[in-house]
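# Observations on the model geometry
Here is how the chains run, residue by residue.
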Amino acid sequence: MRLYFAARVLRGGRGLSPLEDSRMKIAQIAPLAESVPPKLYGGTERIVSYLTEALVDQGHDVTLFASGDSQTSAELVPITPAALRLTPGIVDTIPYHMMMLDAVRQRADEFDALHFHIDLLHLPMIQDFIGRTVTTLHGRLDLPDLPPFYRCFGDHCLVSISDHQRQPMPPVNWGATIYHGLPANLLTPSLGENEGYLAFLGRISPEKRPDRAIRIAARAGMELRIAAKIDAVDRGYWEEEIAPLVKLYPNIRFIGEINERQKADFLGGASALLFPIDWPEPFGLVMIEAMACGTPVIAFRCGSVPEVIEDGRSGFIVDSEDEAVEAVKQIRHLERKMVRGVFDARFTADRMAADYAALYHRLPGARTDAAWLRRRRGEESELQIVA
C-alpha cells in the first residue's frame, strides 16, 4: 500500500503529483560487520539493502551509511573501506560504529527521517532529533540486559520484525511491526520438478538445531544438504556435535556457506526447507527466501514462525521431530505455485518499503509537507507506548 497526500502547488501553478508530494530524504544507517548487501551471510545488511533500493525505486532520496564496499543506487557514505568481518586485524567494531554515528550526527539536519539498524548504540546520541528517527530491532530481545536499557530510552520509536519479538520487552514506543521483504525478482521460483532433497540454510549453531534437521532427514529417508557458515564461537559445537552426525549418516551433505547467486538453485532444487529452530526467532529471513523459490518450509513452532508460515499453504508448522518426519511425507501435496503466491502477497521488498515510508510520515518530527498538513489538521501521531 502506498501513502498519498494532498498535492502542493508549485510556482507557475503546477501541482505536485501524489508521488512527488510524499517523497522524503531518508538516512539508512547500517551495521558495519558486512557490506550492504553482504557478500555471504548477513541478514540485517541484506534487508537494509533491499529496503534502501526499494525506497529509491519509490522516489525517495536515500543516503546509506555503511561500509565502503557496499553497492547501492542511493548516496553512499563510506565509513570503513570494507566490511569489518572480512577485514584482517579488526578486533573491536564499536570504535568504527561510533565514527559512523558522528558522521550521521553531523548530517542529521539534512534528513526528514533517519532509520537505524544498529540495535542500541545510537539511542543516547540522537535525543536532539529523536522525533525523526526509527530503529528496527533485528535481533533477539529476550536477553536479561536489554529491558533496563529500553526502559531508560522508552521514548524512541522502535520497529519489531514480528509480534512475537516484542514479548520480552518492557513498555516502549512501538511504531509498528514490519515484516521483512525481498525483491520480487531476486529469486526465480522453481515450479516444476525438484531434485528431491531437503535443505538447511543459515548458520551452524545450537539454536538453529541442525542436529534436528539431520535426524529428520535420516528418518524420512531423504538427502539433506546443509549450506551454512560456522562462526568461530560455534566451531566447538560443530566439531563435537554436528560433524560426527554428518559423518554418521550417508545421506547428509555439508556444502558450507553459499552466496546469493547460489541460493536460488540451492533452495529451488529442494523439496522443502527444514527450519528446526529452538529459540525465539525474531523473523527468519530464510523462510521467505524459500517461499520466493516456491519451496515449502517445515518449521518448528518457535518465535515468528506462526506469523510467517501459513500452515498448509506455504509449509507446515510442527512441534516435534515426529511431526516433522510426517510433514516431509505430506510436502508433495503443497503446490509450489501456491507457496510463491503467499510470498508475493506478503513478503516483497516493495511492500516492506511502503510500510516503512508510511511509518516515516507518521513520525512526530517528520519534516514533510504531509506531516505538516497532518499536524495542522490536529491529528495526533499514531505512535503509542504499549506494554
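Residues numbered from 1 in each chain as written. Predicted model: local features only at pLDDT ≥ 70, side-chain atom pairs only at ≥ 80, totals over all residues. Heavy atoms only, no water.

## With respect to the nonpolar core
In this structure, Ile288, Met291, Val297 and Tyr360 are the most contacted members of the largest nonpolar core, which totals 60 residues. If we skip the residues at most four places from it in the chain, isoleucine 288 touches His180, Gly181, Leu182, Phe283, Val308, Phe343 and Phe347. Membership of the second largest hydrophobic core comes to 31 residues, among which are Ile214, Tyr237, Phe316 and Ala327. (Core = buried A, V, L, I, M, F, W, Y, C linked by side-chain atoms within 4.5 Å. Buried < 20%, exposed > 50% of the residue type's maximum accessible area, 1.4 Å probe, protein only. Contact = heavy atoms within 4.5 Å.)

## Focus: a nonpolar patch on the surface
Where nonpolar side chains cluster on the molecular surface, the patch consists of Ile94, Met98 and Met125 and spans about 230 Å² of accessible area. Checked against the element boundaries, methionine 98 lands in helix 3 (residues 94-107). (Patch = residues over 30% accessible without salt bridge, like charges linked within 9 Å, V, L, I, M, F, W, Y side chains within 5 Å. Areas by Shrake-Rupley, 256 points an atom, 1.4 Å probe, with all protein chains shown as cover. Salt bridge = Lys/Arg side-chain N within 4 Å of Asp/Glu carboxyl O. Helix = DSSP H or I, 4+ residues; strand = E, 2+ residues; numbered from the N terminus.)

## Comments concerning the packing of aromatic side chains
By the definition in use, this model includes 9 aromatic pairs. Ring centres 4.9 Å apart and planes at 40° place the aromatic pair phenylalanine 149 and phenylalanine 153 in the tilted group. The exposure classification of phenylalanine 149 matches that of phenylalanine 153, with both residues buried. Members of the aromatic cluster, connected to one another through ring pairs, are Phe149, Tyr150 and Phe153. The ring of tyrosine 197 carries arginine 225 above its face, with NZ or CZ at 3.8 Å from the centroid. (Phe/Tyr/Trp six-rings, centres within 6.5 Å; stacked < 30°, edge-to-face > 60°. Lys NZ or Arg CZ within 6 Å of the ring centre and 35° of its normal.)

## Re the pairing of strand 9 (residues 223-229)
Regular strands have side chains that alternate between both faces of the sheet. Taken across its 7 residues, strand 9 has 6 buried, putting it largely inside the fold. Pairing between strand 8 (residues 197-203) and strand 9: 7 bridges, direction parallel. Each bridged residue has a counterpart across the sheet, and for alanine 199 the counterpart in strand 9 is arginine 225. The parallel pair strand 8 and strand 9 is bridged by helix 5 (residues 210-220), and the resulting crossover is right-handed. Where strand 9 lies against strand 10 (residues 252-254), 3 bridges are found, and the strand directions are parallel. Note that in strand 10 the partner of isoleucine 226 across the bridge is phenylalanine 254. (Pairing = 2+ DSSP bridges. Right-handed = clockwise from strand over helix to strand, strands pointing away.)

## Quick look at helix 12 (residues 349-362)
Along an α-helix, residues three or four apart share an orientation, since each turn contains 3.6 residues. Over its 14 residues, helix 12 extends 20 Å from the first C-alpha to the last, a length consistent with the 20 Å expected when each residue adds 1.5 Å. Within helix 12, 11 of the 14 residues are buried, which leaves it mostly tucked inside the rest of the structure. Ala349, Arg351, Met352, Ala353, Ala354, Tyr356, Ala357, Ala358, Leu359, Tyr360 and His361 are the residues of helix 12 that are buried. (Expected span 1.5 Å × (residues − 1).)

## Some thoughts on the pairing of strand 1 (residues 25-29)
Extensive coverage of strand 1 is indicated by the burial of 4 of its 5 residues. Note that strand 1 and strand 2 (residues 61-66) share 5 bridges and pair parallel. By the bridge assignment for strand 2, glutamine 28 is matched with leucine 64. Pairing geometry for strand 1 and strand 4 (residues 113-116), over 4 bridges, is parallel. Its bridge partner lying in strand 4, isoleucine 29 is registered against phenylalanine 116.

## Brief notes about unusual backbone geometry
Cis geometry marks the peptide bond from valine 36 to proline 37; its omega dihedral reads -5°. Residue placement: proline 37 occurs in the loop between strand 1 and helix 2 (43-57). In this structure, aspartate 119 is a non-glycine residue whose phi angle is positive, near 65°. In this structure, aspartate 119 sits in the loop between strand 4 and strand 5 (133-136).

## Some remarks on the packing of helix 5 against helix 10 (residues 321-330)
Helix packing for two helices is described by the angle between their axes and how far apart those axes are. Across the interface, helix 5 lies against helix 10 with an axial gap of 9 Å and an inter-helix angle of 50°. It follows that helix 5 is oblique to helix 10 by the angle criterion. The chirality of how helix 5 crosses helix 10 is right-handed. In this structure, helix 5 uses Arg212, Arg215, Ile216, Arg219 and Ala220 to contact helix 10, whose residues at the interface are Glu321, Asp322, Ala324, Val325 and Val328. (Axes fitted to C-alpha atoms, helices over the stretch in contact; angles between N-to-C directions. Parallel < 35°, antiparallel > 145°, perpendicular 65-115°, else oblique. Left-handed = near helix turned anticlockwise from the far one by under 90°.)

## A word on the side chain of glutamate 34
With respect to the helices and strands, glutamate 34 occurs in the loop between strand 1 and helix 2. Here arginine 85 takes part through its side chain, which lies 2.2 Å from a polar atom of the side chain of glutamate 34. Among residues more than four places away in sequence, those in contact with glutamate 34 are Tyr41, Gly42, Glu45, Ser67, Ala83 and Arg85. (Polar contact = N/O pair within 3.5 Å; in protein donor to acceptor, adjacent residues only side chain to side chain.)

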